[in-house]
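Results of the structural survey
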Amino acid sequence: MTRWYEGPLAAFDTETTGVDVEEDRIVSAALVVQDTAGGRPRVTRWLIDPGVPVPPGATEVHGLTDDFLHRNGRWPAPAIEEMARALAEQCAAGRPLVVMNAPFDLTLLDRELRRHRASSLARCLETVPLCVLDPRVLDKHLDRYRKGRRTLTDLCAHYEVELDGAHDAAVDAVAALEVVRAIGRRFAARMERLSAAELHTLQAVWHAAQARGLQAWFSRNGTEESVDPAWPLRPELPAAA
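A brief structural summary. This one's a predicted model, so the numbers in the text were calculated from it and none came from an experiment.

Quick word on the overall build of the protein chain
The secondary structure content of the protein chain amounts to 10 helices and five strands. At 18 Å, the protein chain has a C-alpha radius of gyration in line with the 18 Å of a compact globule built from 241 residues. Across its three principal axes, the protein chain shows a C-alpha extent of roughly 50 × 50 × 35 Å. Taken over 241 residues, the protein chain has a buried fraction of 48%.

Written out as structure tokens, the structure reads:
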């Protein structure tokens with residue numbers, strides 16, 4: 001029987017105007033599908049004119065300027081809906097969905113659906129089971145005492161995965177997918193009896209524990225930053241009274 005980390009996987013990644021999932025916008029995204037480990041990935045890309053200025057700091061990260069997006073990007077509404085439908089198709093096909101730091105990308109996609117389509121990610125996925133594999137959560141749980149950062153760049157270096165051209169959505173999606181496969185192989189003895197669906201459920205528990213630990217660290221150091229324990233999607237904020 002093929003282990004989940006050697007079988008079909010899909011990966012999703014976005015580039016954005018910033019890091020606020022409630023206010024920032026998607027400017028590019030990619031979905032990568034790979035049927036077997038080592039197989040040639042199939043890539044779908046989206047480029048979006050977000051309708052708001054792209055801050056210089058964001059452009060420095062991903063290289064996408066207002067002018068380039070105005071000339072080449074699509075209107076957000078149909079592109080955002082296409083992304084959600086594409087993810088639903090992968091879920092319906094039974095492919096686990098690799099998303100690095102899933103609460104960021106999936107929550108941002110959800111908020112874009114609400115903004116442009118009066119819909120939600122949950123509504124788009126209501127008839128299919130969502131199965132997410134988050135390399136950040138997996139690595140942090142399985143190798144919790146390793147020191148250092150756990151960005152995608154750091155994980156690629158640690159697991160010897162090539163990352164050439166970081167902060168391109170397709171490049172990052174492929175890299176995240178390969179990191180998940182590498183994690184599966186390295187910790188096969190601890191994960192071989194777990195299905196991807198079982199890991200999805202466990203990651204919600206692991207992420208909540210990781211969030212509590214980080215929140216406690218912030219409190220000890222006098223930092224007021226709040227850490228959301230929800231995974232893989234943050235709940236919608238209540239409307240202002």
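Notes on the packing of helix H6 (residues 135-142) against helix H8 (residues 169-186)
In the contact formed by H6 and H8, the axes pass within 10 Å of each other and the chain directions differ by 30°. When the axes of H6 and H8 are compared, the pair comes out roughly parallel. Here H6 and H8 pass one another in a crossing that is left-handed. Residues Pro-135, Leu-138, Asp-139 and Leu-142 of H6 lie in contact with H8, whose contacting residues are Ala-176, Val-179, Val-180 and Ile-183.

Section: the environment of Ile-48
Looking at the secondary structure, you find Ile-48 in the loop between strand E3 (42-47) and helix H1 (56-62). The buried category is assigned to Ile-48, whose relative accessible area is 0%. Separated by 53 residues in the primary sequence, Ile-48 and Asn-101 have C-alpha atoms spaced 21 Å apart. Contact partners of Ile-48, with chain neighbours within four places excluded, come to Ile-26, Val-27, Leu-69, Gly-73, Arg-74, Pro-76, Ala-79, Ile-80 and Met-83.

Side note on helix H3 (residues 76-92)
For H3, which comprises 17 residues, the first-to-last C-alpha distance of 24 Å matches the rise-based estimate of 24 Å (1.5 Å per residue) to within 8%. Those residues of H3 that sit buried are Pro-76, Ala-77, Ala-79, Ile-80, Met-83, Ala-84, Ala-86, Leu-87, Ala-88, Gln-90 and Cys-91. Buried residues along H3 sit against strand E1 (9-16), strand E2 (26-34), E3, strand E4 (97-98), helix H4 (102-117) and helix H5 (121-124). Just beyond H3, the residue with positive phi is Gly-94, at close to 80°.

Notes on the packing of H3 against H4
For the pair H3 and H4, the least separation of the axes is 9 Å and the interaxial angle reads 130°. Considering the angle they form, H3 stands oblique to H4. In terms of crossing hand, the pair formed by H3 and H4 is left-handed. Counting all contacts with H3, which are made through Pro-76, Ala-77, Pro-78, Ile-80, Glu-81, Met-83, Ala-84 and Leu-87, the residues of H4 involved are Leu-106, Leu-109, Glu-112, Leu-113, His-116 and Arg-117. Tallied by class, the residues present in the contact of H3 with H4 amount to 10 nonpolar, one polar and three charged.

A look at the sheet that holds E1
Overall, mixed pairing links the five strands, which are arranged E3-E2-E1-E4-E5 in an open sheet. Two strands in the sheet have a free side with no partner beyond their single neighbour: E3 and strand E5 (132-133). Pairing between E4 and E5: two bridges, direction parallel. Along E5, the bridge assignment pairs Val-98 with Leu-133. Across the sheet, H3 lies against E1, E2, E3 and E4, angled at about 20° from E2, the strand it touches most.

Rules used throughout
Residues numbered from 1 in each chain as written. Predicted model: local features only at pLDDT ≥ 70, side-chain atom pairs only at ≥ 80, totals over all residues. Heavy atoms only, no water. Helix = DSSP H or I, 4+ residues; strand = E, 2+ residues; numbered from the N terminus. Rg over C-alpha atoms; globule rule 2.2 N^0.38 Å. Buried < 20%, exposed > 50% of the residue type's maximum accessible area, 1.4 Å probe, protein only. Axes fitted to C-alpha atoms, helices over the stretch in contact; angles between N-to-C directions. Parallel < 35°, antiparallel > 145°, perpendicular 65-115°, else oblique. Left-handed = near helix turned anticlockwise from the far one by under 90°. Contact = heavy atoms within 4.5 Å. Expected span 1.5 Å × (residues − 1). Nonpolar A, V, L, I, M, F, W, Y, C, P; charged D, E, K, R; others polar. Pairing = 2+ DSSP bridges.

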